[in-house]
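Letter by letter, the chains look like this.
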Amino acid sequence: MTETQIPIHTLLAEYGVTRALRNGEVTSPLLRLDYADYDPSNLGFKAFVREAAFQAGELAIVTFLMAKARGAPLVLMPAPISGRFQHHCIAYNAENRVLLPGDLAGKRVGVRAYTQTTGVWVRGILQNEYGVDLEKITWVCFEDAHVENYAEPSNVTRGAPGQKLVNMLLDGSLDAAMLGSNMPDDPRLKTVIPDPQEAARAWYERTGVIPLNHVFVVRKDLSEARPDIVRELYRMLKESKAKAGLKGFDTRPYGVEANRKTLQTIIRYSWQQGLIDRQLEVDELFDDVTRALD
């Protein structure tokens, strides 16, 4: 570190879009990123939202919204770290039955945590696109929320410690489960939403929504005291993403307007599901510094 570099305590895992940052290929004469030792990064989310333990870094979008609604001193940067379509992320065991969205009432559905971003996206899609009554489903979860002072709905129950969603799905103790990227290559497992790739394509064409997962945020005091640091962080993230050489459809577009419809939608879903007590405005997620980034 040179005498002019400012150390920034950062929570950020290595992904394709952050690899050039993590390996030192993208640097700055203004700042140095000192990475917190969490693997995976979501193990650091509680410390980020409850203690403002990091000056900058990644958070799941729902964790950020819940923290922001509760007054956490955090500011969103229009720099998504990860995003994907979610229609394929809820599965069932086809050996037992055919299970469609309209069949979920009265069923037991597993998800790592009720406030997990994937779960919020999938529940929102089921409710708003398929008319599913979320209150008629028993949600079997294993972890609590990252934010403090959140009470889960009465139809949320805890699975036994050590249980695995896939095993519970295959042994029949769950009717469906949110598996996402953990979906094993098992012919018994089918998606609750039929032809999920086509369903996601049609949904995107109609709504313009690209589901975000992890986003980059900065602490409010850093943005207020050193807007130059925040602008430099954005430049570095952008350069690192460019070096990833991504091809095809971009599920991580940069800029406030490129993400406005997505943010409006996940705010609405979070409010519908009782995770936040009001529908936040997109512009209040940012401050004057981060709102101007492009």
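Just above sits the structure.
Residues numbered from 1 in each chain as written. Predicted model: local features only at pLDDT ≥ 70, side-chain atom pairs only at ≥ 80, totals over all residues. Heavy atoms only, no water.

On to the overall build of the chain. Along its length, the chain carries ten helices and eleven strands. Here the C-alpha coordinates of the chain stretch approximately 65 × 40 × 35 Å along the principal axes. Buried positions account for 52% of the 294 residues belonging to the chain. Taking as baseline every contact in the chain between residues at least 6 positions apart, the subset at least 24 positions apart corresponds to 76%. Total accessible area on the chain stands at roughly 13,200 Å², and carbon and sulfur atoms take up 46% of it. Charged side chains in the chain number 35 positive and 38 negative. The centres of these two groups are separated by 1 Å. (Helix = DSSP H or I, 4+ residues; strand = E, 2+ residues; numbered from the N terminus. Buried < 20%, exposed > 50% of the residue type's maximum accessible area, 1.4 Å probe, protein only. Contact = heavy atoms within 4.5 Å. Areas by Shrake-Rupley, 256 points an atom, 1.4 Å probe, with all protein chains shown as cover. Lys, Arg positive; Asp, Glu negative; His and termini not counted. Charge placed at Lys NZ, Arg CZ, Asp CG, Glu CD.)

Evaluation of the coordinates by the stated rule reveals 20 salt bridges. Residues E25 and K243 are paired through a salt bridge, measuring 3.5 Å at the closest nitrogen-oxygen approach. In this pair, E25 sits in the loop between α1 (19–22) and β2 (31–35) while K243 sits in helix α8 (residues 227–243), placing the two residues 218 residues apart along the sequence. R291 is the partner of D288 in a salt bridge, and the nearest nitrogen-oxygen pair spans 2.9 Å. Taken as a pair, D288 and R291 lie in helix α10 (residues 288–291) at a separation of three residues, close to a single helical turn. Accessibility expressed as a relative area gives 64% for D288, which makes it exposed. Here the salt bridges share partners, and the residues they tie into one network are E198, R201 and E205. (Salt bridge = Lys/Arg side-chain N within 4 Å of Asp/Glu carboxyl O.)

Ranked by size, the top nonpolar core spans 63 residues in total, and within it I61, F64, I90, L104, W139 and L285 carry the most contacts. The contact partners of W139, leaving out residues within four places of it in the chain, are V109, Y114, R123, L134, N155, V156, T157 and M178. One finds L12, M77, V218 and I229 within the second-largest nonpolar core, a separate group that totals 24 residues. (Core = buried A, V, L, I, M, F, W, Y, C linked by side-chain atoms within 4.5 Å.)

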